[in-house]
Amino acid sequence: METSTTECDTLPAPRLASGLTPDLDHNRSPSPFSISEPSSSGSSPLPTISDIEMYTTPAAQRKLCVRHQRMADEGTNLKLQQALDALPVQEREAVNAIWSGFSSSSHPRRELILQGILTMCCFSQLSLLTEQLGQLIRIDPFTVLPREVSLRVLAYLDATSLCRAAQVSKQWKSLADDDVLWRGICEQHIGQKCLKCGWGLPILERKRAVRTSSASPSSSPPSFPPHHTPDLFVSEIPDALPFTRPWKDVYSERLSVERNWRRGRCSVRTLRGHTDGVMCLQFDETLQHPSFPILITGSYDRTVRVWNIETGLEVRCLRGHTRAVRALQFDEAKLITGSMDHTIRVWNWRSGECIRTLEGHTEGVVCLNFDSNVLASGSVDTTVKVWNFRTGEAFTLRGHRDWVNSVRLWESEDPADVEMGCGSGSEPRICQGTLLFSASDDGTIRLWDLARRTCVRQFTGHVGQVQSLKLLEVDERCDEGIGRQEHRIADSNMAHIAQVGNPTNPFEVCTVITHDANSESMEDIQSLDRVTREVLAGSSRKRAKRPVLISGSLDNTIKVWDIDTAKATQTLFGHIEGVWAVASDKLRLISGSHDRTIKVWNREEGRCTATLVGHRGAVTCLGLGEDKIISGSDDGDIRIWSFAGDIRL
């Protein structure tokens, strides 16, 4: 019966060259693996079968410890043999006897021999040992551990450490670049702020479908038109299998954008066309039609202009208002504008046709906001009107004592927030949980219950006119304390959806779905695309949303409000004149001021991270994207501040 042992099947020590070499070829130079010592007569005994097997068996098949496995791989014994061969024969015999005796000893005896040798060593020998041991006791763990365990270890590193690990060796690079690791880092950072490092990265979502080329499989990879960006994670080579981008590339692309944001590095383009101050704007880069990103602006010159953001060219100019256009909002189906001529107009922005004009305010319309059910508008006449999308009828909310400068609809998911019912009959269809925020020149912000048509909360604290509001929903920390913010990314479907307004009632929108002929062939791509989007969406467990209200005022400050208590939790100082516009997402907050600057803020810390200068007049309106800011000013210019790509200043 065989007994188990923990002792290493050690490579034998180098012996004299007179012995048999492993390959049994006496014509070759002496080998470090000579088998036996010379006898007293000077002859060498014949090798046994076990001796020959010992030397002819590959190191990978022997039971070696990590240390001796590395020696076998590095050919350490060969170097020792060469040093031994340089000695006289008698010295070689003496050294070989010491090595052979140590090699044949058990582990306890080896320790005793080493302790004795150490007591005989002078400082010079001890110094040599220290120098040699510093290298010898270093073990590359990834040469020993299974790949799965190595990846588990590397999963504790951050992105910077992983990049440094990839520079150690080819094996480390293979592990450190593994998609599993970088997918986890992307989950932790993209679309949310990491609780460990405080960094969050933009999603850079692109919903526009990939246009397939008619090129043959043997042709070069497809070139996309200038106005088209392939899908974020999955691309397609025509008539070939789809391929996915490495997660490290996904992370790297977004990291470069975030670094530009933090360092205030951007490229700037100026769009000119308006002949007076630009007062309102909105842009959308995710429309399925047209294929290019759209920007719409309104001005004191009484016009509304539609722009192609990528080319910077004006696509269309809408005329009809008789005074300044102060507010606008659009979606795939319609554009709604508010003007100082007291009217609200509904447009087909693709054709430039004015579909309907709504009248009800007795003074100029300064702000508006709509969702799928209702339209809310604020006016110089100090009132807020809520319009029924089905009938065009409206009711009025009164309470402000001066101009109403901003309105924001909010669908509360918690029915305990305010007890409400639903409208019926010809009244606006307002379901339980629909609330409205309004900001006014009287310095207050009001929260309205639209079902009961009453003010349920008032926010006071600004000492100047409140000009703008932004409502942001952030995720509460989950019970486990992970605290990752969830973000929703709509699935990219092959069906092209176009919404067409009803000429008799512009608020009724019908949806027309046209299917792509290549939808079946791209089914696998869509499936993989959904998987990657679900990864970025984080945990599937539902997390509570916490609404945050942000306001900008002509008292030069920006305030962040707790909606439950109506108290300001933060006040941001930095502008030297009044704040006209604010915008925010989960990663940052921006503000535009009468001092002609735009400031980028870290909302959690209340710290200004960058100040953008360039406008020649007050910055009156802002749009915030994942990699850009678009601003409008009293100087009539529209500026696009792009933080994408490799920007060198």
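Residues numbered from 1 in each chain as written. Predicted model: local features only at pLDDT ≥ 70, side-chain atom pairs only at ≥ 80, totals over all residues. Heavy atoms only, no water.

### Considering the overall build of the protein
Condition: Only DSSP runs of H or I with at least four residues qualify as helices, and only runs of E with at least two residues qualify as strands; both kinds are numbered from the N terminus onward. Each residue is placed in one exposure class: buried if its accessible area under a 1.4 Å probe, protein chains only, is under 20% of its type's maximum, exposed if it is over 50%, and partly exposed if it falls in between. It only takes one pair of heavy atoms within 4.5 Å for two residues to be counted as in contact. Residue-level accessible areas treat just the shown protein chains as cover; the underlying method is Shrake-Rupley with a 1.4 Å probe.
Within the protein one finds 12 helices and 32 strands. Looking at the protein as a whole, 45% of its 649 residues are labelled buried. Of all intrachain contacts in the protein linking residues separated by at least 6 positions in sequence, the fraction that spans at least 24 positions is 55%. When the accessible surface of the protein is split by element, carbon and sulfur atoms take 51% of a total near 32,900 Å².

### A word on the packing of aromatic side chains
Cut-off, in case you're wondering: Stacked, tilted and edge-to-face are the three classes applied to pairs of Phe, Tyr and Trp rings, where Trp contributes its six-membered ring and a pair requires centres within 6.5 Å; stacked means planes under 30 degrees apart, edge-to-face means over 60, and tilted covers the rest. Should the NZ of a Lys or the CZ of an Arg lie within 6 Å of a ring centre and within 35 degrees of the ring normal, that charge is described as sitting over the ring.
The final tally for this structure, using the stated rule, is 8 aromatic pairs. Between Phe370 and Phe389 the ring centres are 6.0 Å apart and the planes differ by 55°, which places this aromatic pair in the tilted class. With a gap of 19 residues between them, Phe370 in strand β12 (residues 365-370) and Phe389 in the loop between β14 (384-388) and β15 (394-397) connect regions that are remote in the sequence. The two residues Phe370 and Phe389 agree in class, both being buried. Plain terms: the ring middles of Phe437 and Phe459 are 6.1 Å apart, the flat faces sit at 55° to each other, and that makes the pair tilted. Of this pair, Phe437 sits in strand β17 (residues 434-440) while Phe459 sits in strand β19 (residues 454-459), and the two are 22 residues apart along the sequence. Comparing Phe437 with Phe459, the two get one shared label, buried. Taken together, the ring pairs in this structure connect Trp410, Phe437, Phe459 and Trp561 into an aromatic cluster. Across the ring face of Phe395, the terminal group of Arg453 is positioned such that the distance to the ring centre comes to 4.2 Å. The ring of Trp261 has Arg588 sitting right over it, with the charged end atom 4.2 Å from the ring centre.

### Some remarks on the sheet that holds β15
Applicable threshold: The pairing criterion is simple: DSSP has to find at least two bridges between the two strands. Angular values range over 0 to 180 degrees, each being the angle between N-to-C directions of two axes fitted as lines to C-alpha atoms, with helices fitted over their stretch in contact.
Read from one edge to the other, the open sheet built from 4 strands follows the order β12-β13-β14-β15, with strand pairing classed as antiparallel. Each of the sheet's edge strands pairs with one partner strand only, and the pair in question is β12 and β15. Looking at each pair of strands side by side, their axes are set apart by 20° on average, direction ignored. Pairing of strand β13 (residues 374-379) with β14 involves 5 bridges; the strand directions are antiparallel. By the bridge assignment, Gly378 is partnered in β14 with Val384.

### As for the UniProt feature "repeat: WD" (unreviewed entry) in the protein
Which entries qualify depends on this criterion: UniProt positions are given in the numbering used here, feature names are shortened, and annotations may be inferred rather than shown by experiment.
Look at the UniProt record and you will see "repeat: WD" (unreviewed entry) annotated at residues 271-317, 318-357, 358-397, 433-458, 549-571, 572-611 and 612-649. Counted over residues 318-357, helix gives 0% and strand 60%. Its end C-alpha atoms are 14 Å apart. Helix makes up 0% of residues 358-397 and strand 57%, whereas the separation of the span's terminal C-alpha atoms amounts to 17 Å.

### A closer look at the side chain of Arg588
Here Arg588 is to be found in the loop between β26 (579-584) and β27 (589-593). For Arg588, a relative accessible area of 4% gives the class buried. Beyond its immediate chain neighbours, meaning those up to four positions away, Arg588 contacts Glu258, Trp261, Ala583, Val600, Trp601 and Leu624.

### Some points on helix α4 (residues 89-103)
Note the following rule: By definition here, a helix of n residues has an expected span of 1.5 Å times n minus one. As used here, the arc belongs to the directions running from the helix axis to the C-beta atoms.
Here α4 is 15 residues long and its end C-alpha atoms lie 21 Å apart, about the 21 Å a rise of 1.5 Å per residue gives. Within α4, burial applies to Arg92, Asn96 and Ser100. On an axial view of α4, the arc spanned by its buried residues comes to 60°, and they lie on one face. Every exposed residue of α4 that faces more than 90 degrees away from the buried side is listed here: Gln90 and Ile98. Those residues of α4 hidden inside the fold are in contact with α3 (76-85).

### What to know about helix α10 (residues 179-189)
Here is the rule we go by: N or O atoms within 3.5 Å of each other form a polar contact, as long as, within protein, one can give a hydrogen and the other can take it, and as long as residues adjacent in sequence are counted only when both atoms are side-chain atoms.
Of all the positions in α10, only Leu181, Trp182, Ile185, Cys186, Gln188 and His189 are classed as buried. Seen from one end, α10 has its buried residues packed into an arc of 160°, which puts them on one side. The residue sitting at the N-terminus of α10 and contributing the capping side-chain oxygen is Asp178; that oxygen lies 2.8 Å from the backbone nitrogen of Val180. Remark: Gly191 follows α10 within two positions and exhibits a positive phi of approximately 80°.

### With respect to the environment of Ser252
With respect to the element layout, Ser252 can be found in helix α11 (residues 247-263). In this structure Ser252 comes out as partly exposed when scored by relative accessible area, which is 42%.

### A few points about the sheet that holds strand β11 (residues 353-359)
Spatially, β8-β9-β10-β11 is the arrangement adopted by the 4 strands of the open sheet, whose pairing is antiparallel. This sheet does not close on itself; its edge strands, each paired only once, are β8 (325-330) and β11. Neighbour-to-neighbour, the strand axes of the sheet open up by a mean angle of 20°, direction not taken into account. With 6 bridges joining them, strand β10 (residues 343-348) and β11 adopt antiparallel strand pairing. By the bridge assignment, Arg345 is partnered in β11 with Thr357.

### Points about the packing of α10 against α11
Rule in force here: By definition, turning the near helix anticlockwise from the far helix through less than a right angle yields a left-handed crossing, and turning it clockwise yields a right-handed one. Amino acids are sorted into nonpolar (Ala, Val, Leu, Ile, Met, Phe, Trp, Tyr, Cys and Pro), charged (Asp, Glu, Lys and Arg) and polar (every other residue, Gly among them).
For the pair α10 and α11, the least separation of the axes is 8 Å and the interaxial angle reads 35°. The two elements α10 and α11 cross, and the hand of that crossing is left-handed. Contacts between α10 and α11 involve Asp179, Trp182, Arg183, Ile185, Cys186 and His189 from the first element and Trp247, Lys248, Val250 and Tyr251 from the second. In terms of residue class, the contact of α10 with α11 is built from 6 nonpolar, 1 polar and 3 charged.

### What to know about the pairing of strand β30 (residues 619-624)
β30 sits mainly inside the fold: 6 of its 6 residues count as buried. Bridge count between β30 and strand β31 (residues 628-633): 5 bridges; the pairing is antiparallel. Among the inter-strand pairings, Gly623 is bridged to a residue of β31, identified as Ile630. With antiparallel pairing between neighbouring strands as the criterion, β30 and β31 make up a hairpin whose turn holds 3 residues.

### With respect to the nonpolar core
Rules: Residues enter a nonpolar core if they are buried and are Ala, Val, Leu, Ile, Met, Phe, Trp, Tyr or Cys, with the set joined through side-chain atoms within 4.5 Å.
Membership of the largest hydrophobic core comes to 21 residues, with the highest contact counts inside it found for Leu154, Leu162, Trp182, Ile185, Cys186, Ile190 and Tyr251. Every element with two or more residues in this core is listed here: α7 (147-154), α8 (159-165), α9 (170-176), α10 and α11. For Leu162, the residues in contact, after removing those within four places along its chain, are Leu154, Leu157, Ala176, Leu181, Trp182 and Ile185. Listed in part, the 17 residues of the second largest apolar core include Trp261, Ile590, Leu612 and Phe643.

### A few points about the confidence of the model for the protein
For the record, the criterion: pLDDT gives the predictor's per-residue confidence on a scale running from 0 to 100.
When pLDDT is averaged along the protein, the result is 76, and 68% of the positions lie at 70 or above. With pLDDT under 50 throughout, residues 13-57 is counted as low confidence; its partners more than four residues away or in other chains account for 75 contacts. Taken as a whole, residues 207-239 scores under 50 in pLDDT and shows 66 contacts with residues more than four places along the chain or in a different chain.

### Topic: the packing of α3 against α4
The contact between α3 and α4 brings their axes to 10 Å, and the two run at 145°. The segment α3 lies against α4, with Leu80, Leu84 and Asp85 engaging Arg92, Val95 and Trp99. For the contact of α3 with α4, a count of residues per class yields 4 nonpolar, no polar and 2 charged.

### Some words on the environment of Arg147
Within the fold, Arg147 resides in helix α7. Apart from residues no more than four positions distant in its own chain, Arg147 is found in contact with Ser174, Leu175 and Asp178. For Arg147, the side chain forms a polar contact with the main-chain oxygen of Ser174, separated by 3.3 Å.

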